[in-house]
Amino acid sequence: AGLVLANTIQNSAHAVILLAVLAARHADALPPGLAATVARIGVASALMATVCAIAQAIVATPASPLALAAYLAVTGALAGAAYVAALIALRGEEVALVRAGVLDRLRRRSAA
């Protein structure tokens, strides 16, 4: 768990550093509204992490592989639903983009 956490922190720090370098050297390359988007994703991610932490606190980690798979699937689905619900509540443009992409793909499939 320690290595996973260290790797996650390292990758996150690299992303922040690279974004800072990009902003310093090529501020015009940054899309408008990036700060608001990052804030929305941060809030949604914090909610998702909270759901995972609550699930871990309430349900003991199963020992058998099948029960563990079910536990991970249910927890992942709940956490993912919380993430999407938060983005919808915060009016994240990402939700509209994904929805438009899915509808476009469905239209192309039905036309073919």
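The residue numbers shown here count from 1 along each chain, following its written sequence. pLDDT decides what is reported in this predicted model: residues at 70 or higher carry local features, side-chain atom pairs at 80 or more are listed and counted, and totals for whole chains, interfaces and linings draw on all residues regardless. Only hydrogens and water are set aside; all other atoms, that is, all heavy atoms of the structure, feed into the side-chain values.

Q: Teacher, can you tell me more about unusual backbone geometry here?
A: The bulk of non-glycine residues show a negative phi, and the bulk of peptide bonds are trans. Phi at Arg91 takes a positive value of approximately 55 degrees, unusual for a residue other than glycine. In this description a helix means any DSSP run of H or I spanning at least four residues, a strand means any run of E spanning at least two, and both kinds are numbered starting from the N terminus. When you line up the elements, Arg91 lands in the loop between α3 (65-89) and α4 (93-111). A relative accessible area of 74% places Arg91 in the exposed class. Relative accessibility under 20% of the residue-type maximum defines a buried residue, over 50% an exposed one, and the middle range a partly exposed one, all with a 1.4 Å probe and only protein chains included.

Q: Any chance you could explain the packing of helix α2 (residues 34-58) against α3 here in plain terms?
A: Helices that pack against each other are described as a pair by the angle of their axes relative to one another and the distance between those axes. Remark: α2 packs on α3, axes separated minimally by 8 Å, with the N-to-C direction vectors making an angle of 150 degrees. For the element pair α2 / α3, the angle class is roughly antiparallel. When the axes of α2 and α3 are compared, the crossing they make is right-handed. Residues Arg40, Ile41, Ala44, Ser45, Leu47, Met48, Val51, Cys52, Ala55 and Gln56 of α2 form the contact with α3, whose own contacting residues are Tyr71, Thr75, Leu78, Ala79, Gly80, Ala82, Tyr83, Ala86 and Leu87. In this count, Pro and Cys sit with the nonpolar residues alongside Ala, Val, Leu, Ile, Met, Phe, Trp and Tyr, while Asp, Glu, Lys and Arg are called charged and the others, Gly among them, polar. Grouping the constituent residues of the contact of α2 with α3 by class yields 14 nonpolar, four polar and one charged. Fitted lines through C-alpha atoms give the axes, limited to the stretch in contact for helices. The angle between two N-to-C directions lies from 0 to 180 degrees. An angle below 35 degrees is read as roughly parallel, one above 145 as roughly antiparallel, one from 65 to 115 as roughly perpendicular, and any other as oblique. For a crossing to be left-handed, the near helix must be turned anticlockwise from the far one by less than a right angle; the clockwise case is right-handed. Whether two residues touch is decided by their heavy atoms; if any such pair falls within 4.5 Å, the residues are in contact.

Q: What am I meant to see in the pattern of salt bridges here?
A: Pairs may arise between side chains of opposite charge once their charged atoms sit close together. For this document, the term salt bridge refers to a Lys or Arg side-chain nitrogen within 4 Å of an Asp or Glu carboxyl oxygen. Throughout the structure, instances matching the rule amount to three salt bridges. Glu93 is the partner of Arg40 in a salt bridge, and the nearest nitrogen-oxygen pair spans 3.8 Å. Separated by 53 residues along the polypeptide, Arg40 in helix α2 and Glu93 in helix α4 bring together distant segments of the chain. In this structure, the salt-bridge partner of Glu94 is Arg40, at a minimum N-O distance of 3.8 Å. In this pair, Glu94 sits in helix α4 while Arg40 sits in helix α2, placing the two residues 54 residues apart along the sequence. The network of salt bridges with common partners includes Arg40, Glu93 and Glu94.

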